[in-house]
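# Descriptive structure summary
Chain by chain, the residues run as shown.
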Amino acid sequence: MSIDTTFKLAGKALPGLAMAAALALGAPAAMAEPTPAMQDAAVAGVEARAKLAQQMVDQVFSYAEPGFQEVRTSAYLTGILEKNGFKIQRGVAGVPTAWTATWGSGGPKIALGSDIDGLLGLSQTPGSPALKPLVPGAPGHGEGHNSGMPLMIVAALAAKDVMEKNHIPGTLMLWPGVAEELLATKAYYARAGVFSGVDASIFVHVGNGFGTSWGDSGSNGMVSVEYTFHGKTAHAAGQPWAGRSALDGVELMDAAWNMRREHLPITQRSHYVITNGGGQPNVVPDVASVWYYYRERTFDSIRNLYETGNTISEAAAQATGTTVERRVLGYAAPMHGNKPLAEAAYRNIQKVGMPQWSAGDQAFAKSVQEANGLKVAPLADKVAPLGVPAPGRSFGASDDIGDVMWTVPTITINYPSNIPNTIGHNVTAAIAMATPIAHKGVVAGAKAVALTVLDIATTPQLVADAKDYFQNVQLKDQKYDPVLAPTDQPAIHLNAELMSRMRPQMEPFYYDSKKYPTYLDQLGIKYP
C-alpha cells in the first residue's frame, strides 16, 4: 500500500499512512453520529444497572439530607464513582459537600448534573399513601432529589462502557447540585470555574412527565438575602425608651415591602421568613433577622428588585433608630435551554419512550391521589412535547441550574419518577420517591441521557451548533450578571444545627441494601 492510497471512513478521506497509524494506535476515526450498535449497547448498559439505580435511589432517599448537609449522600455517591474509575475532587467552590467526578480524556467535555438535597420538615414513609413521617420534623425528599444523581451515574457508566469499547474520546464530569432548595451554590460553582472547558451540559430533574425544552423557560431568576438589624437591649416594660428594637426594624421593613409589592411588576415573586425575632418579650431585641427571596425575569430586573429591598431595609433602620446589614445567601439566574442539545435529547426521549407502568403502579398512584385530595390522573403513557419558548409565559419559580445555562450550553431533561398532581415541596411529592415508579423513571431517564452523551461525543457538528446557539442567540440580548459580590461566600452554615439534632434520630432509618432488596422491604411496606 503506497502512502498516496486513501480510505473512506464515515464520509471522510484519510491518507493511507495516517489511517494505518490510527488503526495501530486504536485511535477513533471521525464519526457523524453514534452507530445503532453503540446506541443499543448504551441502552443495554443502563438496563443492566437497573438494580444499582434502585439501590442508589433508595439509599439517598433514606439519608434525606438538606442543603449543605449532604454528607452521607455525597460520600456514598462519590464512593460508587471512584470504584468505577472516576477521579473525585471534593469541596469544590468552597462547599464541603460539593464535588466533581471526572473520567476520560480530550474533548468534548460533557457535564452531567442533578440536585441531591432534601427539604426541611418533609420526612415521609415511602410507599404509604397516608401522610406518615419516618421521623417527625426531620427533612425529607419532597422534591425527589434522591433520584437525579443515581440516574446520572447509571447513564455515565453505560456511556463510559461504549466510549471505552469504541475508543471514543471525550471527558465526562459529574457534579451534584448542593443546596438547590436554597438556590445557594451553582452561581458559586460558575464563579469558581467548575465548568471551565465544558462543551455541553446535561442536567436532569424529577417530574411526572418525560421531556425537555429549549429557550426562555418562563422561569424567574432570584437572589436570596438575609437582613440583620441591630438595636439596643432594654427592659421592655421598665425602660423601653432606653432600647432600640431590631425586631421593629424587621417588622417595618416587611410592612413597607408588602405595601411596595402592590406596585411592582406582576412577574415578580417575593417572600420572606423572620429567622430571628429576639429572645423573650420583656427584653427589647438588639438583633433580629429576616430572610428574603426576590424573584424576577431578567438579570436587570432581579438586580432592581434587590436594590429596592435594600433601600427599604435602610429606610426601616433609619425609622427605628437601628442599623442593618445584609448577606447574600444564594442566587439563581433565569433558565434558558440550548436548542440544538434539546432537539438531540428529545429525539432520544422519543426513542426510549415512557416506562411500562404496571397495574400496581397505576393503582398506587391513584391511591395516593385519592388519599390526599389530589386530582386523579393516571401515570403518563406518552412523552411530553418538546418545550419551546412562549412569549409572556411566567411561572414564578426558580432553579439555579440557570447559572450553569448562562455559563455553558445546557439543557434540563425531566424524567417520570413521580405521580401526577402531587404538590411540590410537600410530603405528597415524597411518597413515590422510593417505589417502583421512581425506579422505572430513573432507568428511562438514564437511557435518554446515555444516548445524548454519545450524540455529543461522536458528533462534532452538534457541539458546534450548541456553541453557536449559546453565543449568538442566547447571549445576544442578555449576559450573565449575577448579584454576587466578590466577598459573598456560600452559606455553608445553613441547616448544620438542625442536622446535629436530627441525624441521630434519622440514622436508624438508613437503608441497608445488604440486608433488604428494597427500602420498602426494609420498612415492611407492601406495594402497591
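What you see is a predicted model; the values in this text were computed from it and never measured. (Residues numbered from 1 in each chain as written. Predicted model: local features only at pLDDT ≥ 70, side-chain atom pairs only at ≥ 80, totals over all residues. Heavy atoms only, no water.)

A separate point is the sheet that holds strand β10 (residues 221-230). Reading across the sheet, the 4 strands line up as β11-β12-β10-β13 and stay open at both edges, with antiparallel pairing between neighbours. The sheet terminates laterally at β11 (269-276) and β13 (323-332), the two strands that pair on one side only. Averaged over neighbouring strand pairs, the angle between their axes works out to 20° when direction is ignored. Summarising the sheet, β10 and β13 pair through 9 bridges and their orientation is antiparallel. (Pairing = 2+ DSSP bridges. Helix = DSSP H or I, 4+ residues; strand = E, 2+ residues; numbered from the N terminus. Axes fitted to C-alpha atoms, helices over the stretch in contact; angles between N-to-C directions.)

We now examine unusual backbone geometry. Note that the residue after G107, namely P108, is joined by a cis bond; omega there is 0°. Topologically, P108 is positioned in the loop between β4 (99-105) and β5 (109-115). In this structure, the amide linkage connecting Y527 to the following residue, P528, adopts the cis form with an omega of 0°. Phi angles above zero are rare outside glycine, and H167 is one such case at about 55°. Looking at where H167 falls in the secondary structure, it is placed in the loop between α5 (148-165) and β6 (170-177). For H167, a relative accessible area of 45% puts it in the partly exposed group. In this model, N421 sits at a positive phi of 75°, which is unusual for a non-glycine residue. Here N421 shows up in the loop between β15 (410-416) and α12 (436-458). A relative accessible area of 35% places N421 in the partly exposed class. (Buried < 20%, exposed > 50% of the residue type's maximum accessible area, 1.4 Å probe, protein only.)

In this section: the pairing of β6. The element β6 is largely enclosed, with a buried count of 8 among its 8 residues. Here β6 shows two buried faces, one formed by G170, L172, L174 and P176 and the other by T171, M173, W175 and G177. Sheet topology places β4 next to β6; 5 bridges connect them, and they run antiparallel. Across the sheet, G104 pairs through a bridge with T171, a residue of β6.

Another aspect to go through is the side chain of N338. Its place among the elements puts N338 in the loop between β14 (336-337) and α9 (339-352). Residues contacting N338, with those up to four places away along its chain left out, are W214, P409, T410, I411, A466, Y469 and F470. (Contact = heavy atoms within 4.5 Å.)

The next subject is the sheet that holds strand β7 (residues 200-207). Strand order in the open sheet formed by 7 strands is β3-β4-β6-β5-β7-β15-β8, and the pairing between neighbours is mixed. If you trace the sheet from one side to the other, it starts and ends with β3 (87-90) and β8 (211-212), each paired once. Sheet topology places β5 next to β6; 7 bridges connect them, and they run parallel. Following the sheet pairing, D115 is matched in β6 by G177.

With that out of the way, let us pick up the nonpolar core. Core analysis: the largest hydrophobic core is formed by 142 residues, its most contacted members being F86, L174, F195, Y294 and V449. Top contributing element to this core by residue count: α12, with 14 residues. (Core = buried A, V, L, I, M, F, W, Y, C linked by side-chain atoms within 4.5 Å.)

Per the stated rule, a full pass over the model turns up 17 aromatic pairs. For the pair W257 and Y294, a centre-to-centre distance of 5.0 Å together with 55° between the ring planes defines the contact as tilted. In this pair, W257 is assigned in helix α7 (residues 246-261) and Y294 in strand β12 (residues 287-296), connecting sequence segments 37 residues apart. Residue W257 is classed as buried on the basis of its relative accessible area of 0%. Looking at Y294, the relative accessible area reads 0%, which means it is buried. In this structure, K339 packs its charged tip against the face of W214, placed 4.7 Å from the ring centre. (Phe/Tyr/Trp six-rings, centres within 6.5 Å; stacked < 30°, edge-to-face > 60°. Lys NZ or Arg CZ within 6 Å of the ring centre and 35° of its normal.)

The subject of this paragraph is the confidence of the model for the protein chain. Caution applies to low-pLDDT parts of the model: their predicted coordinates are not meant to be read in detail. Mean pLDDT over the protein chain works out to 94, with 94% of the residues at or above the 70 mark. When the criterion is pLDDT under 50, residues 1-30 qualifies, and its contacts beyond four places in sequence or with other chains add up to 28 contacts. (pLDDT = per-residue confidence, 0-100.)

For the rest of this paragraph, the subject is helix α4 (residues 71-83). Spanning 13 residues, α4 covers 18 Å between terminal C-alpha atoms, matching the ideal 18 Å at 1.5 Å per step. Here α4 has its buried residues at T73, S74, L77, T78, I80 and L81. The arc that holds the buried residues of α4, viewed along the axis, is 155°, so those residues lie on one side. In α4, those exposed residues whose orientation departs by more than 90 degrees from the buried face are A75 and K83. Buried residues in α4 make contact with α3 (50-63), β3, β4, α5 and β6. G85 occupies a position one or two residues after α4 and carries a positive phi of about 90°. (Expected span 1.5 Å × (residues − 1). Arc of directions from axis to C-beta.)

Turning next to the environment of I419. With respect to the helices and strands, the residue I419 is situated in the loop between β15 and α12. Note: C-alpha distance between I419 and I431 (12 residues apart in sequence) is 8.8 Å. Ignoring any residue separated from it by four or fewer positions in sequence, one finds I419 in contact with N208, F364, A365, V368, Q369, L379, A432 and I437.

Summed over the entire model, instances satisfying the criterion amount to 15 salt bridges. One salt bridge in this structure joins R90 and E82, with 3.3 Å as the shortest N-O distance. Ionic pairing is found between K382 and D381, a salt bridge with its closest N-O pair at 4.0 Å. Accessibility assignment for this pair places K382 and D381 in one class, exposed. Each of D115, K186 and D400 takes part in salt bridges that share partners, so that together they form one network. (Salt bridge = Lys/Arg side-chain N within 4 Å of Asp/Glu carboxyl O.)

This part takes up the packing of α3 against α5. Axis angle and axis distance: for two packed helices, these are the angle between their axes and the distance between the axes, and together they describe the pair. With their axes 9 Å apart at the nearest point, α3 and α5 run at an angle of 155° to one another. The angle between α3 and α5 places the two elements in the roughly antiparallel class. Remark: the crossing between α3 and α5 carries right-handed chirality. On α5, the residues touching L52, A53, M56 and V57 of α3 are P150, I153, V154 and L157. Tallied by class, residues from the contact of α3 with α5 come to 8 nonpolar, no polar and no charged. (Parallel < 35°, antiparallel > 145°, perpendicular 65-115°, else oblique. Left-handed = near helix turned anticlockwise from the far one by under 90°. Nonpolar A, V, L, I, M, F, W, Y, C, P; charged D, E, K, R; others polar.)

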